[in-house]
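Coordinates in review
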Amino acid sequence: MGHKLYLYPKWLRIWHFINLMLFFILIATGLSMHYSAASGWLVSSTGKAVSNVENGNFLMDFMTAVKWHNIAAIILCFNYLFYLIANSYTGNVRYYNIKEQALLKKIFIQARYYAYGMFKGEPHPFPVNEERKFNPLQKTTYFITMYVLMPLLVLSGIGLFFPELIPDKIFGLSGLLVNSLIHITVGYFLSLFMIVHIYICTLGVTPSTLFKGMINGYHEVH
Amino acid sequence: MKAIVFILFFVLRVVVNIPDVRGQDDGSADTDSLAARYAGYEDNEKCFTCHGGTIYEFTNPESGKKMRRLMPKSRVLSKKAFYNSVHHNFSCTDCHSYEFNTFPHPSELIFEEYMNCIDCHGGDEQFAEYHFDEIQKEFEKSVHYSQEGNGFSCWKCHNPHTYVPIARRTEDITTVVKISNNMCLNCHTNEEELRLFSGAKELDVSSAHDWLPNQTLHFQSVRCIECHTQINDTVMVAHLVLPKAKAVQKCNECHSQNSILMATLYKFKAKEERRTSGFLNGIIINESYVIGANRNKKLNTLSIVIMLATLGGILIHLVLRLIFIKNTKHGT
């Protein structure tokens, strides 16, 4: 029979839940804008107006997508700021410390466990305890997500919100284009992270254990 | 970090066309070379003596005194701008009455009617590619003509003394946008000008476009006519200005794969540059980025492949879990 560790304090659970909701909104609205459907004039690649086509939207109306993407993004900025402060203030940031010896080797061991060892019934190479909330692969991923990708997403998002802040040209290219490419690419990888993150969370004692942990704060260890 | 920036730069240089920004002739040549270059130069010098600046001088024939007078703003013409314009080879009296050669000008010349583009260019085969007749037809259907009739003319927007076909000659779209929008704003935000030919009130552009997100960026990146005219494939710049109620208000008319910007603002570039950059509507991205209209096909495909590979990997992992550890409990 396993025991329970209180690893997810209330502030973290609330932040995490808000983050989740915002990401759902941002992904849906972001996709809607990126794949905005044809409407009005159908124009050929040479600039010739071919015909007038029916109005269409992808997932939702463009204006609605812009509005909700902006609202969710502003909340996300504050939520991220709250996370940075709370993570440092409470000391939770220590779990993200990637300065440890032979990290790459440990990441490989963890990856091997997910890909092979767990099917053979091998023990978890880095079991969770009060000093090690995240395994090496997990904490490296979380570090990159929260301290590399999120700042890039937030800063490029601020750039899109206040385009006058972006230089006209970056490396001879439109500053807007470079900023937007960064925003979309980072957004894409964070979405990808979210999918894998949700799946990995089914690898608890039972598929729902880790999800419950994020609701009640307790991590169940067997 | 430097390596990442370098790689990003390299990738962007490969997938994106860098525009060739050609400088514009600033007309800063000296007087002698201007005389050699322009047929009407010497004739025109007489006119520019007074009309080339804001103050003109003459000797009063009765008192013999030298007089200085302010030239009305609308009668001042920059020599530099004139010789930079498409009509640079003209003498003033090619279009204006020969009587203007006398000073003081005869008073009846006040009734001189200005020529419009179509008066010279109607059926003009030399400039057939400009489709002046089609432009005239469009203009006559426009809200300007329907509301103001003959009170509105080409002159209200285009000054024949300084005219340059900016959409064809300028690589920099921002400059095209600025010059084009200034044409509209010169009257629509200036009650004094507007009242010359219309009872309409001065427009508060900002409030009228309250619904438009990122207003400033829109105003800097696209011309008023993108939304306020009807697309015409024949002419380079649409002249059928629509009534306010018919203006484009649906975002995805521009923000979509079939962006109307390719048939309006980027039309000339689209026709001139058929290079493929890999980007959908790639011509736009050298100047700007239009959400929904610019997508890199390769990156899009790559993103879908990575997403499918991830989902496939998850599915395989899930199946393996069900097969091998159906009843085994484990922890992350």
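Quick note: structure is the one above.
Scope of this entry: the structure provided in the associated data block. Computed from a predicted structure; not experimentally measured.

**So, the pairing of strand 1 (residues 55–59) of chain B**
Residue and element names in this part refer to chain B.
- For strand 1 and strand 2 (residues 66–70), the ladder comprises five bridges, and the chain directions are antiparallel. Bridged to I55 within strand 2 is L70.
- In sequence, strand 1 turns back onto strand 2 through a hairpin of six residues, with G64 there showing a positive phi of about 80°.

**As for the side chain of N300(B)**
- Mapped onto the secondary structure, N300(B) falls in helix 17 (residues 297–324).
- Judged by its relative accessible area of 16%, N300(B) falls in the buried class.
- Sequence-distant contacts of N300(B), that is, excluding residues within four places in its chain, are made with H34(A), Y35(A) and R295(B).

**Re the layout of surface pockets**
All names here are of chain A.
- In this structure, the second largest pocket spans a volume of roughly 860 Å³.
- H16, Y142, H197, C201 and M214 are, among the 32 residues lining the second largest pocket, the residues nearest its centre.
- Listing elements by their share of the lining of the second largest pocket, those giving two or more residues are helix 1 (10–34), helix 4 (136–161), helix 5 (175–200) and helix 6 (209–216).
- The leading source of residues in the lining of the second largest pocket is helix 1, at eight residues.
- The residue inventory of the lining of the second largest pocket, partitioned by class, reads 23 nonpolar, seven polar and two charged.

**Things to note about the environment of S36(A)**
- Relative to the helices and strands, S36(A) is located in the loop between helix 1 and strand 2 (40–43).
- Sequence separation between S36(A) and M60(A) is 24 residues; the distance between their C-alpha atoms is 8.9 Å.

**A look at a nonpolar patch on the surface**
Residue and element names in this part refer to chain A.
- The grouping of I14, F17, I18, M21, F24, I25, W68, I71, I75, I198 and F211 at the surface amounts to a nonpolar patch, some 920 Å² of accessible area in total.
- At the level of elements, helix 1 and helix 2 (62–90) are the ones that each hand at least two residues to the nonpolar patch.
- Element by element, the count of residues in the nonpolar patch is highest for helix 1, at six residues.
- The topology assignment puts I75 in helix 2.
- We classify I75 as partly exposed; its relative accessible area is 40%.

**Description of the packing of aromatic side chains**
Residue and element names in this part refer to chain A.
- Following the criterion strictly, the structure yields 27 aromatic pairs over all chains and no others.
- When the ring of Y95 is compared with that of F134, the centres are 6.2 Å apart and the planes differ by 65°; the resulting orientation is edge-to-face. One end of the pair, Y95, is in the loop between helix 2 and helix 3 (103–115); the other, F134, is in the loop between helix 3 and helix 4, with 39 residues separating them in the sequence.
- Judged by relative accessible area, Y95 falls into the buried class, the value being 10%.
- Among the residues examined, F134 registers a relative accessible area of 9% and is labelled buried.
- Judged by centre distance (5.4 Å) and plane angle (80°), the ring pair of Y96 and F134 falls under edge-to-face.

So, how was this worked out
Residues numbered from 1 in each chain as written. Chains lettered and ligands numbered in written order. Predicted model: local features only at pLDDT ≥ 70, side-chain atom pairs only at ≥ 80, totals over all residues. Heavy atoms only, no water. Pairing = 2+ DSSP bridges. Helix = DSSP H or I, 4+ residues; strand = E, 2+ residues; numbered from the N terminus. Buried < 20%, exposed > 50% of the residue type's maximum accessible area, 1.4 Å probe, protein only. Contact = heavy atoms within 4.5 Å. 1 Å grid on protein atoms, 1.4 Å probe; cavity = no way out; pocket = protein on both sides within 12 Å on 5 of 7 lines; lining within 4 Å. Points joined across faces, edges and corners; volume = space filled by probe spheres on them. Nonpolar A, V, L, I, M, F, W, Y, C, P; charged D, E, K, R; others polar. Patch = residues over 30% accessible without salt bridge, like charges linked within 9 Å, V, L, I, M, F, W, Y side chains within 5 Å. Areas by Shrake-Rupley, 256 points an atom, 1.4 Å probe, with all protein chains shown as cover. Salt bridge = Lys/Arg side-chain N within 4 Å of Asp/Glu carboxyl O. Phe/Tyr/Trp six-rings, centres within 6.5 Å; stacked < 30°, edge-to-face > 60°.

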